[in-house]
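Here is how the chains run, residue by residue.
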Amino acid sequence: MAGYQIPPGTIVNNIKSLLKERYKQGFPIIKEIIQNANDGRATTLEFGINKGLRDKVEHPLLKIPALFFLNDGTFSQSDKEAICCFGIDANAKDKGKIGKFGLGQKSIFHFCEAFFYIASSQDVPEGCGEFISPWADKDGIDAKRPEWGELSDNDRHVVENYLIEQNLIQPQANYFVLWVPLRQKMADERCILANYYDDAKSVESNLPQDMKLRIGQLLPLLRHIRNVRYWLEDANGSLQQQFSVGLDNENPCQRCIYPTASQIIEEDEHDLQGKIIISTDTTGIRFAGKERILPANDFSLLLGQNPASVSATFWDDLQQSSYWTKRVSINESGNSESIPDKSIPHCAVVFTKQSLANKNKARLILQWSVFLPLASDDSTEGAEQEAYEVVDCQGEEDYTIFLHGYFFLDSGRKYIEGLQKIRTGGFEQKTPTNEDEMIAQWNYLLASKGTLKLFLPSLDNFVKIHRLSTLDISNLADAIMRSHFFKSKVYKQSICSDYQWVFRIKPTRSAWELIPVNVDVRSLPSIPPNWKVFPILSNFANSYYLIHQQQPNLLSNETSVNWSEQEIIDLLTSLDLQLLFAESKNVNYLISLLIQNRTIIGRSPIQTCLINLVREAFIVIGIDKLQQEQFHAAIKKIVELIHPEKRLKLKQLSSNIQHIQIVFNALYELDIKQPLLVYELFEANSSSSSGFLSNQQMVSILTCLSQLLTAGTTHQVAKAIIEQILEQTNSLEDILKLVSNLALFVGHNHQQNKAYIYSYLSLQQYKHKYCLFQGDRRDYETPIATAVKSALTECNLIFIEPKISRILGKTSALKAIPKLEPQTCLQLLATKPDLANSHERSNLLKELINHV
């Protein structure tokens, strides 16, 4: 049986595809080198650019400028075998290592055509080194470039001594060196990529300007790497440090302790925290979060088991599933073997912050990761962009949130399989029936039950450890709330499945807080300006979680923050009006709270409470104070919350305010539930009252006003309101019949030259006698009126004002009340009233003759 033959051209083409499709130029290369160093349990990574070893070496590729990477990790025999293989990795079976594809290190071919490695460790004490060229055949020969031979012992020692002289390698220490000759233009023009590099500048132009910051952000999720330094040669051939990135040893530091090489997987959780120092930047990068190993019952669906009774050997059973993906690895003997892919239910969320650089706009970055982030702002493909989001942020801090899970990725480490379907709700949970479904279901369960559920506890940990100010927390929460990430219904359901992140209001101290998802939450417009004014809120704070409506609270979709009808009633009935109206901010706070609950304010029991509150305010606080600038607008807003049909407007009066207050107090003390009588000053311009009074209410009000009318001092106000009340009724005649004996109408007795208050019944009697006229002073001082008064000394002539006349004229009994004119005078005389002597009658006769 024949196997595939793999000539060098096939390897080169595969590398070319790998570089084009999976590993982009620039920082992704640095990420992969850092991951490889971490997998080698290195604590330090040094990298830099050498101008070439020139005459000190024989190999032509050591003579030219090179990019080098040096770490102090371990190097085993299996690593020695794996580094020469393509797509096979000794790490695939090691649970303590991140890598598993055997491809990441090949990303260095962006910069080179071939590379060297040199290593020394306890497993390889004598040291080793090789020249690796994809152009060479299986015997290591490149017929077209015979000068590209093996790495000689002399050349190897030259490289080692160079790094020792630069104090980058310590005697007897472990080290692994990748020496990457920069691609130069060659005569045969045979190259993997037509990208050429002559010096440090040409290399740096392909690396991000914020490379040190990006490196610093990688460290929190890595277990071993503690320091990374970057070097460039000066004119004298000495390496000069350009920057360093490392853990701050003077502060507590807890990073991910997983993955480990242990075969036993047990549920666990750890807090993460620390600070990364970038060169001399004392602020650095501060980070905190949580990592978690999930229990087997979270993944029971993968094997169709009951979550309450998963098998004791679940993780082994999962790896033995015929649908679980397998990968080829190299064992310690150098032989390849097929092993189940890693199934580590590990997740973590890490928040980082650093001071805003160069006064740019602050931003929040949300980045999905498998220890290392999967995408960046230069990612263009949809699947990649699904793992990366940038949101504008207020404030002076940049934030990055790493959302890690041990997900199945594409081999280019660019995107999580199926993440977009998970976010958009297009994913269906079921027991897998093939390998693709197993991968998709694993990723869904790890994201929904792991990473996303860790989000809010990690935020809480981050805020507490680094003592973020209230403003900074608000800025961060606001950016999160506006993100597509949090707006996803599926994501939010998992994020808020156990907890919610809210600005909690309490009488003692209001602050951001992580609260359970199954508690009663009520929203307030802001922190009460004075808790004594709202005693019920203090009680609610003990039984509810009161939150600040204006803050970007991160709440579950199922959480209701609305107040109940009874709670609003309890609030309104507990108010001390003297305290409430002591300062305008108290009243405005109440209005904000009521408006916030506008959907239930219209309910009848609440409307009754509002009416009672306004009525009591007019009595206790007084119209004079309420019309002052600081309260006027506020009381109008409260009135506006009362339905138009539940209030009746009384027009503004030009009377003494104290008299107005006395009359309104008397009316408000009547047992009239509604409508609310509202003085026009307190009606909103945009609203109009449309309430009406029942007959019984009219009787009560008119009875009260009749008493005030006869009391003396308030008669002008009472008179005006009587007129307004009667003008607005649709059943005038019925009402007047019910109060026919009440003294309600001011009239002028011309005979006595005095005002009296008459009842509806008495006015009817005067009209029946033709003694009732409409008119004011101008009408009863006319010559004919004077003449009638002299001629009929025993007859009471009653004049009522035109306005009252028009109102009463709508009744059948007092319709068309006349003016005192010759015609009406003749009607009166026809009743044969007692006349005065002829001398006193002469003027009347003359007036009548003059009008004939």
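Residues numbered from 1 in each chain as written. Predicted model: local features only at pLDDT ≥ 70, side-chain atom pairs only at ≥ 80, totals over all residues. Heavy atoms only, no water.

What about the overall build of the protein?
The secondary structure content of the protein amounts to 32 helices and 26 strands. On C-alpha atoms alone, the protein measures out to a radius of gyration of 46 Å, which is more than a quarter above the 29 Å that the 2.2 N^0.38 rule sets for 852 residues. Projected onto its principal axes, the C-alpha coordinates of the protein cover approximately 155 × 65 × 50 Å. Residues counted as buried form 55% of the 852 residues belonging to the protein. Sequence-distant contacts, at least 24 apart, represent 73% of the contacts inside the protein between residues at least 6 apart. Computed over 87 positive and 97 negative side-chain charges, the inter-centroid distance for the protein is 9 Å. (Helix = DSSP H or I, 4+ residues; strand = E, 2+ residues; numbered from the N terminus. Rg over C-alpha atoms; globule rule 2.2 N^0.38 Å. Buried < 20%, exposed > 50% of the residue type's maximum accessible area, 1.4 Å probe, protein only. Contact = heavy atoms within 4.5 Å. Lys, Arg positive; Asp, Glu negative; His and termini not counted. Charge placed at Lys NZ, Arg CZ, Asp CG, Glu CD.)

A short note on the pairing of strand 16 (residues 397-405)
In terms of burial, strand 16 is a largely internal element, nine of the nine residues being buried. A two-sided burial pattern is seen for strand 16, the buried positions comprising Glu397, Tyr399, Ile401, Leu403 and Gly405 on one face and Asp398, Thr400, Phe402 and His404 on the other. As judged from the nine bridges shared by strand 12 (residues 346-355) and strand 16, these two strands associate in the antiparallel manner. Across the sheet, Phe351 pairs through a bridge with Ile401, a residue of strand 16. As defined by bridge partners, strand 13 (residues 363-370) adjoins strand 16 across six bridges and the pair is classed as parallel. Bridging from a neighbouring strand, Leu364 pairs with Tyr399 of strand 16. (Pairing = 2+ DSSP bridges.)

Thoughts on the state of the cysteines
Counting across every chain of the model gives zero disulfides. Unpaired in terms of disulfides, Cys347 finds its nearest cysteine sulfur in Cys256, a separation of 9.7 Å. Accessibility expressed as a relative area gives 0% for Cys347, which makes it buried. Cys795 provides the cysteine sulfur closest to Cys825, a residue in no disulfide bond, and the two sulfurs are 9.9 Å apart. (Disulfide = S-S within 2.5 Å.)

Here we look at the side chain of Asp248
Tracing the sequence through the fold places Asp248 in the loop between strand 7 (239-247) and strand 8 (268-278). Although Asp248 is buried, it forms no salt bridge, and the closest oppositely charged side chain is Lys275 at an N-O distance of 4.2 Å. Separated by 3.0 Å, the side chain of Asp248 and the backbone nitrogen of Glu250 make a polar contact. When near neighbours in sequence (up to four residues on either side) are disregarded, Asp248 contacts Lys275 and Ile277. (Salt bridge = Lys/Arg side-chain N within 4 Å of Asp/Glu carboxyl O. Polar contact = N/O pair within 3.5 Å; in protein donor to acceptor, adjacent residues only side chain to side chain.)

Structural notes on the packing of helix 23 (residues 657-668) against helix 25 (residues 715-728)
Look at helix 23 against helix 25: their axes get within 8 Å of each other, and the N-to-C directions meet at 55 degrees. Between helix 23 and helix 25, the crossing angle belongs to the class labelled oblique. Crossing of helix 23 against helix 25: the hand is right-handed. For the pair formed by helix 23 and helix 25, the contact residues are His659, Ile660, Val663, Phe664 and Leu667 on the first element and Val717, Ala718 and Ile721 on the second. Class assignment of the residues belonging to the contact of helix 23 with helix 25 gives a composition of seven nonpolar, one polar and no charged. (Axes fitted to C-alpha atoms, helices over the stretch in contact; angles between N-to-C directions. Parallel < 35°, antiparallel > 145°, perpendicular 65-115°, else oblique. Left-handed = near helix turned anticlockwise from the far one by under 90°. Nonpolar A, V, L, I, M, F, W, Y, C, P; charged D, E, K, R; others polar.)

Some words on the sheet that holds strand 24 (residues 754-759)
The strand order 24-23-26-25 describes an open sheet built from four strands, whose pairing is mixed. For this open sheet the edge positions go to strand 24 and strand 25 (772-774), each flanked by a neighbour on one side alone. Across the sheet, the mean angle separating the axes of adjacent strands is 45 degrees when strand polarity is ignored. As judged from the three bridges shared by strand 23 (residues 743-749) and strand 26 (residues 798-800), these two strands associate in the antiparallel manner. For Gly747, the partnering residue across the bridge sits in strand 26 and is Ile800. In the packing of helix 24 (residues 695-711) onto the sheet, contacts are made with strand 23 and strand 24, and the angle to strand 23 comes to roughly 35 degrees. Its contacts with the sheet place helix 27 (residues 760-768) against strand 23, strand 24, strand 25 and strand 26, and it is angled at close to 110 degrees to strand 24.

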